[in-house]
Amino acid sequence: MSQVDEAASPAGPQPLELSELSPQTLYDKCKALANNLWWSWHPEVTNLFRDLDPIRWRQLDHSPIALLKEFTPERLEMRASELVLYSRINHAHRQLKEYLNSTNTWGRTHAGVLGSHPVAYFSAEFGLHESAPIYSGGLGVLSGDHIKSASGLGVPLVAVGLFYDQGYFRQRLDIEGYQQEEYIDTKVENLPMQPALGTDGEPITVAIETRNGTLLAKVWRMLVGRVCLYLLDCDVEGNQPEDRELTSRLYGGDQRTRIRQELVLGVGAVRALRALGITPGAYHLNEGHSAFATLEAIRERMEDDGATFDDALRDVSQHTVFTTHTPVPAGHDRFDGEAIEEHLGPLRDQLGISTEQLMGLGRVDPQNQNESFCMTVLGLKLSRRANAVSSLHGHISRRMWAHLWPHRVEEEVPIGHITNGIHVPSWLAWQMQQLFDRNFPVGWIHRVAEPEVWSRIQKIDPGELWEVHYALKNHLLSFVRRRVSRQCRRRGESEEVIEAARNVLDPNVLTIGFARRFATYKRADLIASDLDRLRSLLSDPQRPIQLIFAGKAHPADEPGKQLIKRIDNLRHDPQCAGRIVFVEDYDINVARHMVQGVDVWLNNPRRPLEASGTSGQKVVLNGGLNLSVLDGWWAEAYDGANGFAIGTGRAHVSDEISDARDGEDLYRTLEEEVIPIFYDRDIDGLPRQWIQMMMNSIGSLAGRFSAHRMVMDYVQTAYLPAAGGHSCDMSAR
Ligand SMILES: *Cc1c(COP(=O)(O)O)cnc(C)c1O
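Quick notes on the rules
- Residues numbered from 1 in each chain as written.
- Predicted model: local features only at pLDDT ≥ 70, side-chain atom pairs only at ≥ 80, totals over all residues.
- Heavy atoms only, no water.
- Helix = DSSP H or I, 4+ residues; strand = E, 2+ residues; numbered from the N terminus.
- Rg over C-alpha atoms; globule rule 2.2 N^0.38 Å.
- Buried < 20%, exposed > 50% of the residue type's maximum accessible area, 1.4 Å probe, protein only.
- Contact = heavy atoms within 4.5 Å.
- Areas by Shrake-Rupley, 256 points an atom, 1.4 Å probe, with all protein chains shown as cover.
- pLDDT = per-residue confidence, 0-100.
- Near = heavy atom within 4 Å.
- Polar contact = N/O pair within 3.5 Å; in protein donor to acceptor, adjacent residues only side chain to side chain.
- Nonpolar A, V, L, I, M, F, W, Y, C, P; charged D, E, K, R; others polar.
- Domains from an automatic or database assignment.
- Core = buried A, V, L, I, M, F, W, Y, C linked by side-chain atoms within 4.5 Å.
- Pairing = 2+ DSSP bridges.
- Axes fitted to C-alpha atoms, helices over the stretch in contact; angles between N-to-C directions.
- Parallel < 35°, antiparallel > 145°, perpendicular 65-115°, else oblique.
- Left-handed = near helix turned anticlockwise from the far one by under 90°.
- Right-handed = clockwise from strand over helix to strand, strands pointing away.

A. Structural detail: the overall build of the protein. Each helix and strand in the protein was counted, giving 29 helices and 20 strands. In terms of overall dimensions, the protein is globule-like: its C-alpha atoms have a radius of gyration of 26 Å, near the 27 Å expected for 733 residues. For the protein, with 733 residues in total, the buried portion stands at 60%. Within the protein, residue pairs in contact and separated by at least 24 positions form 74% of the contacts whose partners lie at least 6 positions apart. Summed over its atoms, the accessible surface of the protein is roughly 28000 Å², and 49% of this surface lies on carbon and sulfur atoms.

Structure follows, in structure tokens:
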């Protein structure tokens, strides 16, 4: 199988007549690069921006647009000539152009029918880069990786979401270790965003009637390689003052904010696509937040074709793909009848259905007046194809929603699974990529879903792999020291404490990372469940471990905040000090440093509550090993030689028993497997068995859990059948 998804790049930078580049031309090329997030997964381009002014680059959250604003064309030219950047800028610019114009893609060959009717991908958040804070966590990063891979593969897809001008919160810990939330306005002018123009050439505003007035949203366009991401934004003149703030914050508001945001994300987004002149061949609802989109799509069918409600519903569900992401009940939005009627009432009138009929679409039992309206139920009922995000999550989801199909046995509940994956170029460290470049087939970065590419890892020199990993680990440690000492200074701690923070952690010590949302089921403190045992692991004179934590708790999650506090306070324990740190404000930047530099990635959720998880997949790429409960993706990934399992995946009767058993299993695995293998060195100082496991991990997992593989699966098992239905139905009419 050949997957040439980007134009073959020329052999490297080519010489250029310097005089050909006027300062303005140079500046315009840099701006063109900054205006498409394509740069964010090309380290050679990221490095280019960084090199222009490394300090400001960091201070500006790695935003090239903000950085370029600080330069005049003349100063940029001066800086470029000091650093001999001309050919790098030219090369990058030409590569972007070739990428955008290339038609030789996997998608062209395998998803051509989507060409005139692309997939419309809906998601409440998109995690693309730290400089675009319109995501909170895993769901957003998954969406971001999905559309980056769709771009790489050339799959015709447009994405829609919301623009949050304050995004999710910034996390600070106070002196007690208690989480404080800060909201900062994002500067729109520093994002690669333009007002989206309609077929009439004018900026688009969509209007959504409710029983209580009209909601307006403008539409931005963000370029993500070949994919356009459209973001709806309620900060529009003409909206009520409180509605202008409707899309300010991600997951910030109450139920009413929530349903209004979801009205915009569903109904508003479908209207925006129409104004853009886009007729999707398939709708992909990534999680239930956007499920109202189906109702508007039904209305369109009725209006355009004179279809009956039932026929239009059948047609829309044929074209709709729904992905469910969590077995945790709070993850499934529910609204009461009053809220539904207030917000969907006018649309319901146009659909010609009763309040009970509409409510029935969001209820497991349509007749049950006590049942609220559930967005997941709507998504499942109005999509012909539905999937969970790992094999185990598929089983759980079929059981969880079996009552929606009372006449089927559980195995026949029509919810399949497509396991999540990650966008390799976004998460693979530059140094590691260079090592792979030297050892893998030419053009491998475009063929990351192919297992043969990764099997070459076994041929790499173990010493070289270890050396690159060690360099990345040191890079992580300097990042952590910088962050942690800054945290201490901000909290007003003593010079002594700040100085100690500058020297925490030791590159020769087994380094374990734990970073994720601090939801209680993820049990961040499992490793501290027996404090004495943890102390002796941290302070072992011969074979110590050290821990790096990061993660936010939802602002309303008090138990999650207490967990953070408990972990952060361990730094005051004399036997833990210097060996355990909490890095504030987990985001894509912190994640990138951590997944690229740790030896071991710890994941110990209460099984089976982790639908998939993706951070451990990012670690694989960079040579870290997973130490994880057999939940989510790890349940299908672990093969006994490519990482470590905590427990055997057996179910326990109560949370208390699970926690006790898993805690015991965690300590035992650390003491009997992880630590001995890590510290077992040969005469060259290399941990041979450990390096072999790194290779097994990369070789067996990197391709399978790539977003390229994931998107190809969606294309073949979901998008194409959904879009195919389109042409069938059309010809039937
Ligand atoms: C990858 C990533 C996640 C998701 O990882 P999980 O394994 O699901 O916790 C969350 N947040 C950030 C910033 C990430 O980069």
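What follows continues from the structure just given.
B. Local environment of the confidence of the model for the protein. Taken residue by residue, the protein gives an average pLDDT of 94. The fraction at 70 or more is 96%. Per-residue pLDDT stays below 50 along residues 725-733; that stretch engages in 12 contacts with residues further than four places along the chain or on separate chains.

C. Focus on the site of the ligand. Lining the immediate environment of the ligand, one finds 13 residues, of which W427, A591, T614, S615 and K618 sit closest. Separating an oxygen atom of the ligand from a side-chain N or O atom of S615 is a distance of 2.5 Å. Coverage of the ligand by the protein amounts to 93% of the 380 Å² it exposes when considered alone. The set of elements that each furnish at least two residues to the shell around the ligand consists of helix 8 (138-153), helix 24 (588-597) and helix 25 (615-621). Here the residues of the shell around the ligand sort into five nonpolar, five polar and three charged. When residues of the shell around the ligand are assigned to domains, at least three map to each of domain 2 (106-170 + 197-420 + 712-723) and domain 3 (506-703).

D. Focus on the nonpolar core. With 142 residues, the main nonpolar core has F49, F122, I147, L229, F292, L295 and Y719 as its most contacted residues. Of all the elements, helix 29 (residues 707-732) adds the most residues to this core, at 10 residues. Taken domain by domain, the makeup of this core includes at least three residues from each of domain 1 (23-101) and domain 2 (106-170 + 197-420 + 712-723). When sequence neighbours within four positions are dropped, the list of residues in contact with Y719 reads L114, V119, Y121, H146, L157, A282, H284, V321 and Y714.

E. View of the sheet that holds strand 15 (residues 510-515). The strand order across the open sheet built from six strands is 17-16-15-18-19-20, with neighbouring strands paired in parallel fashion. A strand with exactly one partner marks an edge of an open sheet, and here the two such strands are strand 17 (580-583) and strand 20 (644-646). Put simply, the sheet's adjacent strands are angled 20° from each other on average, direction ignored. Taken together, the three bridges between strand 19 (residues 625-629) and strand 20 define a ladder with parallel strand orientation. Following the sheet pairing, S628 is matched in strand 20 by A645. Across the sheet, helix 27 (residues 655-679) lies against strand 15, strand 16 (545-550), strand 18 (600-603), strand 19 and strand 20, angled at about 160° from strand 20, the strand it touches most.

F. Region of the structure containing the packing of helix 1 (residues 23-34) against helix 2 (residues 43-52). Two elements in contact, helix 1 and helix 2, have axes separated by 12 Å at closest approach and are oriented at 125°. Comparing their axes, helix 2 and helix 1 come out oblique. Once helix 1 is placed against helix 2, the crossing between them reads as left-handed. Within the contact between the two elements, helix 1 uses C30, L33 and A34 and helix 2 uses V45, L48 and F49. Across the contact of helix 1 with helix 2, the residue classes tally to six nonpolar, no polar and no charged.

G. How the structure looks around unusual backbone geometry. At the junction of R607 and P608, the peptide bond is cis and its omega measures out at 0° in the coordinates. By the secondary structure assignment, P608 is in the loop between strand 18 and helix 25. Backbone geometry at V84 places phi at a positive 50°, although glycine is not the residue there. A positive phi angle, close to 50°, is found at Y251, a residue other than glycine. Assignment of secondary structure puts Y251 in the loop between helix 9 (241-244) and helix 10 (255-275). The exposure class of Y251 is buried, given its relative accessible area of 16%.

H. Focus on the pairing of strand 17. On strand 17, burial covers both faces: I580 and F582 on one face and V581 and V583 on the other are all buried. Of the pairings in the sheet, the one linking strand 16 to strand 17 comprises four bridges and is parallel in character. Across the sheet, residue L547 finds its bridge partner in strand 17, namely I580. Following the chain from strand 16 across helix 23 (residues 558-569) to the adjacent parallel strand 17, one finds a crossover that is right-handed.

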